[in-house]
Amino acid sequence: MVESAGETSGSSGGSYWYDGGDSAVDLLSALRAFRAADHEMRRRMSAGMKMNTTDLAALRYVIAHEVGDDPATPQALARHLGISGASTSKLLDRLTVSGHLERVPHPRDGRSRIVVATDHAHSQVRERLGRMHERMLEVAHGVPPSARPAVIEFLRPMTRNLETEAPPEKLTAPEA
């Protein structure tokens, strides 16, 4: 199991943040292990596709928008990734040269461009991630239907919490 520093359980069952003996702490520990495994899987997948994790995140975003019939624009991609327009342009240049993405005219606004995944990108994503998604669905089917609403109601607010957590305004210097 992969866990981040300061988040492992000690021999007493506690952790850096919480006292031991609470099943909610075990739940958070399992969630952290899942997040670490997910992060590592994305790193391996991007390396296997000869791209960095930001490139893979961009490809996932573009494909998700294609599936949702909501064309991905370079500006929306930049906002999603939290990078500048110049960085987005370089990213799109890389993924165009590698044969993963194309810039094409917007279907409803001929003055602007959208970004689409190529057939090559779709086949690579399916080849590398298809079996994993099948296994994930198998695991999800293993959760009793009566327990699924509780799991969902745990994960959604946890997601909102992580999405809205901001860094402290000012870090303090160590005392001399």
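Each value, and the rule that gives it
- Residues numbered from 1 in each chain as written.
- Predicted model: local features only at pLDDT ≥ 70, side-chain atom pairs only at ≥ 80, totals over all residues.
- Heavy atoms only, no water.
- Helix = DSSP H or I, 4+ residues; strand = E, 2+ residues; numbered from the N terminus.
- Buried < 20%, exposed > 50% of the residue type's maximum accessible area, 1.4 Å probe, protein only.
- Contact = heavy atoms within 4.5 Å.
- Expected span 1.5 Å × (residues − 1).
- Polar contact = N/O pair within 3.5 Å; in protein donor to acceptor, adjacent residues only side chain to side chain.
- Pairing = 2+ DSSP bridges.
- pLDDT = per-residue confidence, 0-100.
- Patch = residues over 30% accessible without salt bridge, like charges linked within 9 Å, V, L, I, M, F, W, Y side chains within 5 Å.
- Areas by Shrake-Rupley, 256 points an atom, 1.4 Å probe, with all protein chains shown as cover.
- Salt bridge = Lys/Arg side-chain N within 4 Å of Asp/Glu carboxyl O.
- Axes fitted to C-alpha atoms, helices over the stretch in contact; angles between N-to-C directions.
- Parallel < 35°, antiparallel > 145°, perpendicular 65-115°, else oblique.
- Left-handed = near helix turned anticlockwise from the far one by under 90°.
- Nonpolar A, V, L, I, M, F, W, Y, C, P; charged D, E, K, R; others polar.

K.L.:
What exactly am I supposed to notice about the side chain of Thr-73 here?
P.N.:
With respect to the helices and strands, the residue Thr-73 is situated in the loop between helix H2 (53-67) and helix H3 (74-81). Accessibility expressed as a relative area gives 18% for Thr-73, which makes it buried. Those residues within four positions of Thr-73 in sequence are excluded, and the remaining contacts are Arg-113 and Ile-114.

K.L.:
Help me understand helix H1 (residues 23-48), please; the structure alone is not making it clear to me.
P.N.:
For an α-helix, 3.6 residues make a turn, and residues three or four places apart therefore share a direction. Between its first and last C-alpha atoms H1 spans 37 Å; for 26 residues at 1.5 Å apiece the expected length is 38 Å, and the two agree. Along H1, the positions that sit buried rather than exposed are Val-25, Leu-28, Ser-29, Leu-31, Arg-32, Ala-33, Ala-36, Met-41, Met-45 and Ser-46. Measuring from the backbone nitrogen of Ala-24 back to the side-chain oxygen at the start of H1 gives 2.9 Å, which picks out Asp-22 as the cap. Directly after H1, the chain includes Lys-50, whose backbone phi takes a positive value near 60°.

K.L.:
Help me understand the pairing of strand S2 (residues 113-117) in this model?
P.N.:
Looking along a regular strand, one sees the side chains alternate between the two faces of the sheet. Of all five residues in S2, four are buried, a share of seventy percent or more. Note that strand S1 (residues 101-105) and S2 share five bridges and pair antiparallel. Of the residues in S2, the one forming a bridge with Val-104 is Ile-114.

K.L.:
Please clarify how the confidence of the model for the protein should be interpreted in this entry.
P.N.:
Overall, the predicted model of the protein reaches an average pLDDT of 87, with 92% of residues at or above 70. Low pLDDT (under 50) marks residues 1-12, which in the prediction has 14 contacts with non-local residues, meaning those over four places away or in another chain.

K.L.:
Looking at this structure, I do not really get the environment of Val-97. What am I missing?
P.N.:
With respect to the helices, strands and loops of the structure, Val-97 is situated in helix H4 (residues 85-97). Between the alpha carbons of Val-97 and Met-51 there is a distance of 12 Å; along the sequence they are 46 residues apart.

K.L.:
Before we go on, may I ask you to explain a nonpolar patch on the surface in this structure?
P.N.:
Taken together, the side chains of Tyr-16, Trp-17 and Tyr-18 make up a nonpolar region of the molecular surface, amounting to roughly 410 Å² of accessible area. On the secondary structure map, Tyr-18 appears in the segment before H1. Residue Tyr-18 is classed as partly exposed on the basis of its relative accessible area of 34%.

K.L.:
How should unusual backbone geometry be read in this particular structure?
P.N.:
With glycine set apart, most residues show a phi of negative sign, and most peptide bonds adopt trans. Positive phi outside glycine occurs at Lys-50, with the angle close to 60°. Positionally, Lys-50 belongs in the loop between H1 and H2. By relative accessible area, Lys-50 is classed as exposed at 77%.

K.L.:
Would you take a moment to explain the packing of H2 against H3 for this structure?
P.N.:
When two helices pack together, you describe them by how their axes are tilted relative to each other and by the distance separating the axes. Running from N to C, H2 and H3 point in directions that differ by 125°, and their axes come no closer than 10 Å. As the angle between them shows, H2 and H3 are arranged oblique. Read as a crossing pair, H2 and H3 show a hand that is right-handed. Side by side, H2 and H3 meet where Thr-54, Ala-57, Ala-58 and Tyr-61 of the first sit next to Ala-76, Leu-77, His-80 and Leu-81 of the second. Across the contact of H2 with H3, the residue classes break down as six nonpolar, two polar and no charged.

K.L.:
Just to check I follow, could you spell out H2 for this structure?
P.N.:
Across its 15 residues, H2 extends 21 Å between first and last C-alpha, which sits within 8% of the 21 Å expected from 1.5 Å per residue. Considered for burial, the residues of H2 that qualify are Asp-55, Leu-56, Ala-58, Leu-59, Tyr-61, Val-62, Ile-63 and His-65. Of the surrounding elements, those touching the buried residues of H2 are H1, H3, H4, S1, S2 and helix H5 (119-141). Capping the start of H2 is the job of one residue whose side-chain oxygen sits 2.9 Å from the backbone nitrogen of Thr-54: Asn-52.

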